[in-house]
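# Residue-level structural notes
Listed below are the residues making up each chain.
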Amino acid sequence: GTSKDWVLYWDPEATTKWGVDITAGVLVHELLHLLQDHFDRFKDVDNKDIANIAGDLTINPAVAEMGFKLPANGMHPDLFGFAGNLTAEQYYNELKKLKIEYKYTLENGCGSCSGRRIEIENDGDAKEVGRTDAEKRRVKILIAQAIGQSRGSVPGSIKRWAGAVLAKPKIS
């Protein structure tokens, strides 16, 4: 999992069990939670467990499209009969309508980046090593620029994200 401050938490036993290919996919998955601001986007929702799934539903198709593998229990829109091109907020609203029961655990969640703090994260009393908002913004811009210059195939959802990051701010 990852924290809202962009700290990566990993489980050596899980990475050994998954092997290199799946671990690489999980790392890309976690990076996308951070880049897509799932912590801030879901910080005020009433069900963080469903928020975690909603974030995964936007991320996992792109991870698969890039050729990465994920653990067998990974969430995908087709598991729920959803289209594969909704926003995380749209997935959240659709999942709430289904009244599914899902309980977040360290093994099946992604940490505070998707809206729920994992048990080993800093509780806010101590200074956790992480990234400032300015550092996060700079990383997003650099990645979005690299995506824009890519000669390879980039999933549509990732291209849309990069375009939004690089768009000029709208002044009202």
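Residues numbered from 1 in each chain as written. Predicted model: local features only at pLDDT ≥ 70, side-chain atom pairs only at ≥ 80, totals over all residues. Heavy atoms only, no water.

### Observations concerning the packing of helix 5 (residues 133–148) against helix 6 (residues 156–166)
Stated precisely, the cut-off is as follows: Working convention: axes come from line fits to C-alpha atoms, limited for helices to the stretch in contact. Angles between N-to-C directions cover 0 to 180 degrees. Starting at the N terminus, helices and strands are each numbered in turn, a helix being any DSSP run of H or I of at least four residues and a strand any DSSP run of E of at least two. Working definition: roughly parallel below 35 degrees, roughly antiparallel above 145 degrees, roughly perpendicular at 65 to 115 degrees, and oblique for all remaining angles. Note on convention: the crossing is left-handed when the near helix lies turned anticlockwise from the far helix by less than a right angle, right-handed when the turn is clockwise. Only heavy atoms enter the contact rule, under which two residues are in contact if any of them lie within 4.5 Å. Any residue outside Ala, Val, Leu, Ile, Met, Phe, Trp, Tyr, Cys, Pro, Asp, Glu, Lys and Arg is labelled polar, Gly included; the first ten of those are nonpolar and the last four are charged.
Viewed as axis vectors pointing N to C, helix 5 and helix 6 meet at an angle of 125°, and their least axial separation amounts to 9 Å. Considered as vectors, helix 5 and helix 6 are oriented oblique to each other. In this structure, the crossing between helix 5 and helix 6 has a hand that is left-handed. Residues Arg 137, Lys 140, Ile 141, Ile 143, Ala 144, Gln 145 and Ile 147 of helix 5 form the contact with helix 6, whose participating residues are Ile 158, Trp 161, Ala 162, Val 165 and Leu 166. Tallied by class, the residues present in the contact of helix 5 with helix 6 amount to 9 nonpolar, 1 polar and 2 charged.

### Thoughts on the layout of surface pockets
Quick reminder of the rule: Only protein atoms enter the 1 Å grid used here. Points where a 1.4 Å probe fits but cannot escape make up a cavity, open sets with protein on both sides within 12 Å along at least five of seven lines make up a pocket, and a residue lines them when an atom lies within 4 Å of a point. Grid points are joined across faces, edges and corners, and a volume is the space filled by probe spheres set on the points.
One number sums up the size of the second largest pocket: a volume of about 490 Å³. Lining the second largest pocket are 24 residues, and of these Gln 36, Arg 41, Ser 157, Arg 160 and Trp 161 sit closest to its centre. Where the lining of the second largest pocket is concerned, the elements lending two or more residues are helix 3 (48–65), helix 4 (88–98), helix 5 and helix 6. A per-element tally of the lining of the second largest pocket places helix 6 first, with 6 residues. Class assignment for the residues of the lining of the second largest pocket results in 11 nonpolar, 7 polar and 6 charged.

### Topic: the pattern of salt bridges
Filter applied, for reference: Within this document, salt bridges are pairs made up of a side-chain nitrogen of Lys or Arg and a carboxyl oxygen of Asp or Glu, the two lying within 4 Å of each other. The buried label goes to any residue with under 20% of its type's maximum accessible area, the exposed label to any with over 50%, and the partly exposed label to all in between, with areas taken from a 1.4 Å probe on protein chains only.
Within the structure shown, the criterion is met by 7 salt bridges. Residue Asp 21 pairs with Lys 69 through a salt bridge whose shortest N-O separation is 4.0 Å. Taken together, the positions of Asp 21 in helix 1 (residues 12–35) and Lys 69 in the loop between helix 3 and helix 4 put the pair 48 residues apart, joining distant regions of the chain. Under the relative-accessibility criterion, Asp 21 is labelled partly exposed at 49%. Across the salt bridge formed by Lys 97 and Glu 94, the nearest N and O atoms sit 3.0 Å from each other. A residue pair is termed a helical-turn pair when its members lie 3 or 4 positions apart in one helix, as Lys 97 and Glu 94 do in helix 4 at 3 residues. Given the relative accessible area of 59%, Lys 97 is considered exposed. Looking at Glu 94, the relative accessible area reads 29%, which means it is partly exposed.

### With respect to the packing of aromatic side chains
The geometry of an aromatic ring pair comes down to the distance between the two centres and the angle between the two planes. We count it as follows: A pair of Phe, Tyr and Trp rings is counted when the ring centres sit within 6.5 Å of each other, with Trp represented by its six-membered ring. The angle between the planes then sorts it: under 30 degrees is stacked, over 60 is edge-to-face, the rest tilted.
Considering all chains together, one arrives at 3 aromatic pairs under this definition. Seen from their ring centres, Phe 80 and Phe 82 are 5.7 Å apart, and the 20° between their planes marks the pair as stacked.

### Describing the nonpolar core
Defined as follows: Side-chain atoms within 4.5 Å link the members of a nonpolar core, which is a set of buried Ala, Val, Leu, Ile, Met, Phe, Trp, Tyr and Cys residues.
By size, the foremost hydrophobic cluster in this structure holds 19 residues, and its most contacted members are Leu 32, Val 63, Ile 147, Ile 158 and Trp 161. Counting only elements with at least two residues in this core, the list comes to helix 1, helix 3, helix 5 and helix 6. Setting aside residues no more than four positions away along its own chain, Trp 161 makes contact with Leu 35, Gln 36, Lys 140, Ile 143, Ala 144 and Ile 147.

### A look at the environment of Trp 18
Tracing the backbone shows Trp 18 in helix 1. Those residues within four positions of Trp 18 in sequence are excluded, and the remaining contacts are Thr 23, Val 26 and Pro 71.

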